[in-house]
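Structural characterization, general
What follows is each chain in one-letter form.
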Amino acid sequence: MSNASLLALASRAGLSAGWSDYRGQPQTVSDEVLTALLAAMGIDAGSEAARLAALERLEREAAEPPAMIVARAGQRIELAGRGPAELHFETGGSQTLKLRHEGDRISFRVPRQLGYHRLELDGAAVTLAICPPRALRVGDVAGGRRLWGLAVQIYALNGGGPFGDFGDLGRFSATAAGLGADAVAVSPVHALFAADPGRYGPYGPSTRLFLNPLYARAEALGEAPEEELIDWPPAAAARLAALRRGYDAFRGSGEGRADFDAFVRAGGDLLLAHARFEALDARFRPQGLYIWRDWPGGYADAASPAVQALSPDDPEVEFHLYAQWRADADLGAAQAAARDAGMAIGLIADMAVGMDGWGSHAWSRPDDVLVGVSVGAPPDLLGPDGQSWGLTTFSPTALRRTGYAPFLATLRASMRRAGGVRIDHAIGLQRLWVTPEGRPASDGAYLAYPRDDLLNLIALESHRHGAVVIGEDLGTVPEGFREASTAAGMAGMRVLWFERSRDGGFSSPRTWGRDAVAMTTTHDLPTVDGWWRGRDIDWRAQIHPEGDEAGARAERATDRGRLWRAMVQSGAAEGPEPGVAQAADAVLPALLHVASSACDLAILPIEDALGEVEQPNLPGTTTEHPNWRRRLPRGEGLDQPEVAARLAAVDARRTRR
């Protein structure tokens, strides 16, 4: 039986000592795992005395005013205190709040002036974030229309370089707008590791605060490659070499120096720290020192004199500042191209669920994150061993202590150059599965997060940036999350493969909620053509020959019939069901089926618009499948008559009421 003080401490810290698996069976977290996770949160639970002391400290901190109080406009909130209370607005001016007293507590109705204001109460000051009732929704910008857009991997864009960049993204977006699209959704463009070109998966960033400089527009790099797959190390080296040439010219001419200096000043200490990390990683990685913990000479500590001595004018540091400047300007130009071409939304950015524990953010701001844990998912039907993604994320106690500063910085970085943001694994706003470093993914626990505060802050930042918000709410969704996120204006995702009725059939798209985004598939799932012919089953059988391939193919045959019947009923298809060899004949009906949805926005992957067989990523694989490497045809194929006809049919279906 678990120690009572350990259970009490874990509960106070937000860790659940028990959980229910996908079969509904109760599971218990071991004392060893709870102790390790508490240690990762900076809480000593190694002895009875330590646990009792930590519990007393956490209870005392919980009773103290947080660094930021988050509330909705017009809401009545209650605080410890006696008053008076003066609210100083961020735009100037102040207001004395009318208080209601009950013993040693007060309550007041929150004013309706949105923003981050200073609340002075009993001689102390905290930030009061006043938030709108919900985020900006697609319907708010749609002008009464049902919008549609395309999803594309930036690297896959084929404008003649070794891989796509932000310049290609602007060109692609303008072309898509001409076909009727109002949005282009992309995978994360967070900074990876410039010194490690073998790290190209977009969901394992070094930091989410800055951009992948490889996507900055580059000068012509010679003859365009013809290969279908990108060979990342030489391709990345070529792009970085081009950026180096641009930097050398910049240093020589000084052209744009005033804009560059303004960008660096605005980026502040966070940007400088990232540039220093990149310079140091490039220095030590060739020596076999792949993680910053092993860097010598005090460089493992971002606050050390050795690190602080690295001047912004140091050529290696300044190069990375320059690369961020270029990338930021080019991403902004891509969004401008989308909006100038008539898109109601433009780019929809993607905010990854976490960051690499040995990356820039964890090095420069170690107190922000959980040290020594990996975020993932518990065992379920698709992953019986659980999932460990090799990422860390924010500590809930750090969020409270800092007034949500790291979360807000990350959110703002994602919204800065976009008309929308997709929040990856959005259920992490309520709870995350965390596993101690070195343990299997099944040896984890759920860690709670302040869902309502985070949703309210997302709503506030959404309005301040004019960005709609989409939450990736797939998988095992905790109780109450969808209701709360929908009420807060976050659109969920309705993916064709998962929209089923109780009898196993496919549901009518007209029943999919308006405040959601309809999709045929995602980058982690098979394309329509691939699903119809069972290409995903082919890959799984090749990688895991011990699996039940025959059973999977039989189930897929049944599902093909179910889906075809649903598409006939929605008016998207007619005639007999196509066979496996005629998989291409199912693509347009699937697109029209999704386009028929009640959702305010439908997003179609470019692979489905082109009728491609292969998907960009196969989860659970590394070298077994060519993840994040496929290049689209030259010009992305949007000028092909068959592709243009598909998208014209989608556009007509979306404009039909």
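Each remark here, short or long, concerns the structure printed above.
What comes next is a walk through the structure. Values in this document were obtained by computation on a predicted structure and should not be read as measured data.

Definitions and cut-offs
- Residues numbered from 1 in each chain as written.
- Predicted model: local features only at pLDDT ≥ 70, side-chain atom pairs only at ≥ 80, totals over all residues.
- Heavy atoms only, no water.
- Helix = DSSP H or I, 4+ residues; strand = E, 2+ residues; numbered from the N terminus.
- Rg over C-alpha atoms; globule rule 2.2 N^0.38 Å.
- Buried < 20%, exposed > 50% of the residue type's maximum accessible area, 1.4 Å probe, protein only.
- Contact = heavy atoms within 4.5 Å.
- Areas by Shrake-Rupley, 256 points an atom, 1.4 Å probe, with all protein chains shown as cover.
- Lys, Arg positive; Asp, Glu negative; His and termini not counted.
- Charge placed at Lys NZ, Arg CZ, Asp CG, Glu CD.
- Salt bridge = Lys/Arg side-chain N within 4 Å of Asp/Glu carboxyl O.
- Arc of directions from axis to C-beta.
- Pairing = 2+ DSSP bridges.
- Axes fitted to C-alpha atoms, helices over the stretch in contact; angles between N-to-C directions.
- Phe/Tyr/Trp six-rings, centres within 6.5 Å; stacked < 30°, edge-to-face > 60°.
- 1 Å grid on protein atoms, 1.4 Å probe; cavity = no way out; pocket = protein on both sides within 12 Å on 5 of 7 lines; lining within 4 Å.
- Points joined across faces, edges and corners; volume = space filled by probe spheres on them.
- Nonpolar A, V, L, I, M, F, W, Y, C, P; charged D, E, K, R; others polar.
- Parallel < 35°, antiparallel > 145°, perpendicular 65-115°, else oblique.
- Left-handed = near helix turned anticlockwise from the far one by under 90°.

Structural notes on the overall build of the chain
Helices and strands together make up the secondary structure of the chain, namely 20 helices and 24 strands. For the chain, whose C-alpha radius of gyration is 26 Å, the value lies close to the compact-globule estimate of 26 Å for 657 residues. If you line up the chain on its principal axes, its C-alpha atoms span 75 × 65 × 55 Å. In the chain, buried positions account for 54% of the 657 residues. Sequence-distant contacts, at least 24 apart, represent 72% of the contacts inside the chain between residues at least 6 apart. Of the roughly 27400 Å² of accessible surface on the chain, 50% is carried by carbon and sulfur atoms. When the 68 basic and 84 acidic side-chain charges of the chain are each reduced to a single mean position, those positions are 6 Å apart.

Looking at the pattern of salt bridges
Within this structure, the stated rule accounts for 42 salt bridges. Arg422 is the salt-bridge partner of Glu472, the closest N and O atoms lying 4.0 Å from each other. Residue Glu472 is found in the loop between strand S21 (468-471) and helix H14 (481-487), and its partner Arg422 is found in strand S18 (residues 420-423); the two are separated by 50 residues along the sequence. Accessibility expressed as a relative area gives 11% for Glu472, which makes it buried. Residues participating in the shared-partner salt-bridge network are Glu228, Arg535, Asp538, Glu549, Arg553, Glu614 and Arg630.

Digging into helix H1 (residues 4-13)
An α-helical segment advances 3.6 residues per turn. Residues three or four places apart therefore align on the same side. Buried within H1 we find Ser5, Leu6, Leu9, Ala10 and Ala13. Down the axis of H1, the buried side of the element spans an arc of 135°, and every buried residue falls inside it. In H1, those exposed residues whose orientation departs by more than 90 degrees from the buried face are Ala4 and Ser11. Residues of H1 that are buried sit in contact with helix H2 (31-40), helix H3 (48-63) and strand S20 (445-448).

Some words on the sheet that holds strand S3 (residues 68-72)
Taken in spatial order, the five strands line up as S3-S10-S9-S5-S6 in an open sheet, and their pairing is mixed. Whereas interior strands pair on both sides, the edge strands pair on one side only; in this sheet they are S3 and strand S6 (94-96). If you compare each strand with its neighbour and ignore which way they point, the axes differ by 25° on average. Judged from the five bridges that link them, S3 and strand S10 (residues 124-131) form a sheet pairing that is parallel.

Description of the packing of aromatic side chains
Per the stated rule, a full pass over the model turns up 26 aromatic pairs. Centroid distance Phe277 to Trp295: 5.5 Å. Interplanar angle 40°. Geometry classified as tilted. A residue pair is termed long-range when its members are at least 10 positions apart, and Phe277 in helix H7 (residues 257-284) and Trp295 in the loop between H7 and helix H8 (305-308) qualify at 18 residues. Aromatic ring contacts, followed pair by pair, group Phe193, Phe277, Phe284, Trp295, Tyr299 and Trp363 into a single cluster.

A short note on the environment of Leu411
Here Leu411 shows up in helix H12 (residues 405-415). Judged by its relative accessible area of 0%, Leu411 falls in the buried class. With 48 residues separating them along the chain, Leu411 and Ala459 place their C-alpha atoms 11 Å apart. Look past the residues within four positions of Leu411 in its chain and what remains in contact with it is Met351, Leu457, Ile458 and Glu461.

Section: the sheet that holds strand S23 (residues 516-519)
On the basis of which strands lie adjacent, the open sheet formed by eight strands has the order S21-S18-S15-S12-S11-S24-S23-S22 and parallel pairing. Both outer strands of the open sheet, S21 and strand S22 (492-495), are each paired with one neighbouring strand and no more. The mean inter-strand angle of the sheet, taken between neighbouring strand axes irrespective of direction, is 25°. Looking at chain direction, S23 and strand S24 (residues 601-605) are connected through three bridges and run parallel. Across the sheet, residue Ala518 finds its bridge partner in S24, namely Ala602.

Regarding the layout of surface pockets
Considered as a void within the structure, the second largest pocket measures approximately 1200 Å³ in volume. What lines the second largest pocket is a set of 48 residues, and nearest its centre among them are Glu61, Ala62, Pro66, Arg400 and Arg401. Of all elements in the fold, only H1, H3, S3, strand S4 (76-80), strand S9 (115-121), S10 and helix H11 (396-401) reach the threshold of two or more residues within the lining of the second largest pocket. No other element matches the six residues that H11 contributes to the lining of the second largest pocket. When the residues that make up the lining of the second largest pocket are grouped by side-chain class, the tally is 30 nonpolar, seven polar and 11 charged.

Focus on empty space enclosed by the protein
What the rule picks out here adds up to six cavities of 30 Å³ or more. Computed from the structure, the largest cavity encloses a volume of approximately 300 Å³. As for the largest cavity, its lining consists of 25 residues, of which Ala151, Ala185, Met519, Thr522 and His523 are closest to the centre. Listed by contribution, the elements that provide at least two residues to the lining of the largest cavity are strand S15 (346-351), S23, S24 and helix H19 (606-610).

Details of the pairing of S21
Of the two faces of S21, both are covered, the one formed by Val468 and Ile470 as well as the one formed by Val469 and Gly471. Inspection of the sheet shows S18 paired to S21 by four bridges, in the parallel sense. Within S21, the position partnered with Gly420 by the bridge is Val468.

Some words on unusual backbone geometry
Residue Pro84 is bonded to the preceding Gly83 through a cis peptide linkage, with omega at 5°. Tracing the chain through its elements places Pro84 in the loop between S4 and strand S5 (85-88). Unusually for a residue other than glycine, Trp628 sits at a positive phi of about 55°. Given the relative accessible area of 8%, Trp628 is considered buried.

A look at the packing of helix H17 (residues 549-569) against helix H18 (residues 587-595)
Put simply, H17 and H18 touch, their axes get as near as 10 Å, and they point 60° apart. Comparing their axes, H18 and H17 come out oblique. Every pair of crossing elements has a handedness; the one defined by H17 and H18 is left-handed. Taking contact as the criterion, the partners of Trp564, Ala566 and Met567 in H17 are, on H18, Pro589, Ala590 and His593. Looking at side-chain class alone, the contact of H17 with H18 contains five nonpolar, one polar and no charged residues.

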